[in-house]
Amino acid sequence: MKNDNNETSNDLLTEIAVAYYQDGATQEEISKKFGVSRAKIGRLLKQARDEGIVEITVKYHPVYSAKIEQRLIERFGVKRALIALDQPDEESQRMQVGGLVSNYLAQTLRGGTVVTVGQGRNVSAVAHHMGVIAPRDCKFVCGIGGIHPRGGRFNADHICRQLAKKYGGTSETLYAPAYAENRDQKMAFMQNATVKQTLDLARKADVAVVGVGDMSENSYMVDLGWFTTDEVVQSRLNQGVVGDFAGYDFFDIQGRAANTVMSDRVIGLGLEEFRRISEVIAIASENSKPMALLGALRTGVVDVVATSVSNALTVLNLDEQMLSLPDSPQQD
């Protein structure tokens, strides 16, 4: 009998929740329909939320997102801020942000445009976003070397090929690993004529699409074995590193590049090279990245930022708090 009562109770909760949230009935109307006091209806609606029968999702009005975008534009001098609604998990959030970037590219890319492409989950989400896009003759070039064997769809080369397929354009591979074992090996690759040719094209691109990474012991780069946990921790503790830009340059909260042992092993474009590209689109969707995103925005390299509502608000709040501290550097 106990199980039957529970089932009946859940059925009643569901019926009341549907009547109130979906059909728009008032609590008074539901009270009369089910022969239950209005006070109890209120308690049952709360119980429905507590037990997960009803999930409340806040949908931000476009005007709200536009106001956040305007604050980011005024504070950091970016051209655009693509703000996605908050999602319940990281993968959904990446796809939501990736969709915004994909739509933005569909509206802005023209025939003959050269696009430098980074690596990672966020940039990959842009390439794999579903949607009908009018073909245009764009060229997608790797801005960082390849990841093997575990990189898969997060590899810059794979992303370039996917974008070229999506837009009906072409792609160019950077025939070098993303991360060398030491500085000497890196310099040997950087001096190779084929590698130099591709990087030169990437440097002269019209647009760049890159990810912003955070300095975590659980980061993608540590997971793939490029850097050790200790190297990441030491760079954070000793040099104040909060993130990486496009997998290459590491920076602190003020946006200043930090010369770490990790930088000596990356084969790709650095911050100053991205600075010369007309439009740099930086993506950071995960809720672990506000500090990294703030540092990236303070580099002055980012022209278009793509992130979530909560990340955007956290970045703005962090920036305001830091500016209110004594001797805190003012940002232009």
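Our structure's up above, just so we're on the same page.
Note that the coordinates shown come from a computational prediction; the quantities given were computed from them, not determined experimentally.

(A) Local environment of the pairing of strand β2 (residues 114–117). The two faces of β2 match: Val114 and Thr116 on one face and Val115 and Val117 on the other face are all buried. Taken together, β2, helix α6 (residues 121–127) and strand β3 (residues 139–142) constitute a β-α-β crossover, and its handedness is right-handed. Of the strand pairs in this sheet, β2 and strand β5 (residues 207–214) are connected by three bridges, and their pairing is parallel. Directly across from threonine 116, in β5, lies its bridge partner alanine 208.

(B) Quick peek at the packing of aromatic side chains. For the structure shown, the criterion picks out two aromatic pairs. When the ring of phenylalanine 140 is compared with that of tyrosine 167, the centres are 5.7 Å apart and the planes differ by 40°; the resulting orientation is tilted. You can see phenylalanine 140 sitting in strand β3 and its partner tyrosine 167 sitting in helix α7 (residues 156–167), a full 27 residues away along the chain. With relative accessibility at 1%, the residue phenylalanine 140 sits in the buried group. Pairing phenylalanine 245 with phenylalanine 274 gives two aromatic rings, centres 5.5 Å apart and planes at 75°, and the pair type is edge-to-face. Residue phenylalanine 245 is located in strand β6 (residues 241–245), and its partner phenylalanine 274 is located in helix α12 (residues 271–275); the two are separated by 29 residues in the primary sequence. The same class applies to phenylalanine 245 as to phenylalanine 274, namely buried. Residue placement shows arginine 121 over the ring face of phenylalanine 154; its charged tip is 5.6 Å from the ring centre.

(C) Region of the structure containing the pattern of salt bridges. All chains considered together, the criterion is met by 17 salt bridges. Among the salt bridges present, the one from glutamate 69 reaches arginine 80, with a minimum N-O distance of 2.6 Å. Taken as a pair, glutamate 69 in helix α4 (residues 62–76) and arginine 80 in strand β1 (residues 80–84) lie far apart in primary sequence, 11 residues in all. Arginine 80 gets classed as partly exposed once you look at its relative accessible area, which sits at 30%. Residue glutamate 91 pairs with arginine 94 through a salt bridge whose shortest N-O separation is 3.3 Å. Here the residue glutamate 91 and the residue arginine 94 both occupy positions in helix α5 (residues 90–108), the gap between them amounting to three residues, near one helical turn. Residue arginine 94 is classed as buried on the basis of its relative accessible area, which comes to 9%.

Rules used throughout
Residues numbered from 1 in each chain as written. Predicted model: local features only at pLDDT ≥ 70, side-chain atom pairs only at ≥ 80, totals over all residues. Heavy atoms only, no water. Buried < 20%, exposed > 50% of the residue type's maximum accessible area, 1.4 Å probe, protein only. Helix = DSSP H or I, 4+ residues; strand = E, 2+ residues; numbered from the N terminus. Right-handed = clockwise from strand over helix to strand, strands pointing away. Pairing = 2+ DSSP bridges. Phe/Tyr/Trp six-rings, centres within 6.5 Å; stacked < 30°, edge-to-face > 60°. Lys NZ or Arg CZ within 6 Å of the ring centre and 35° of its normal. Salt bridge = Lys/Arg side-chain N within 4 Å of Asp/Glu carboxyl O.

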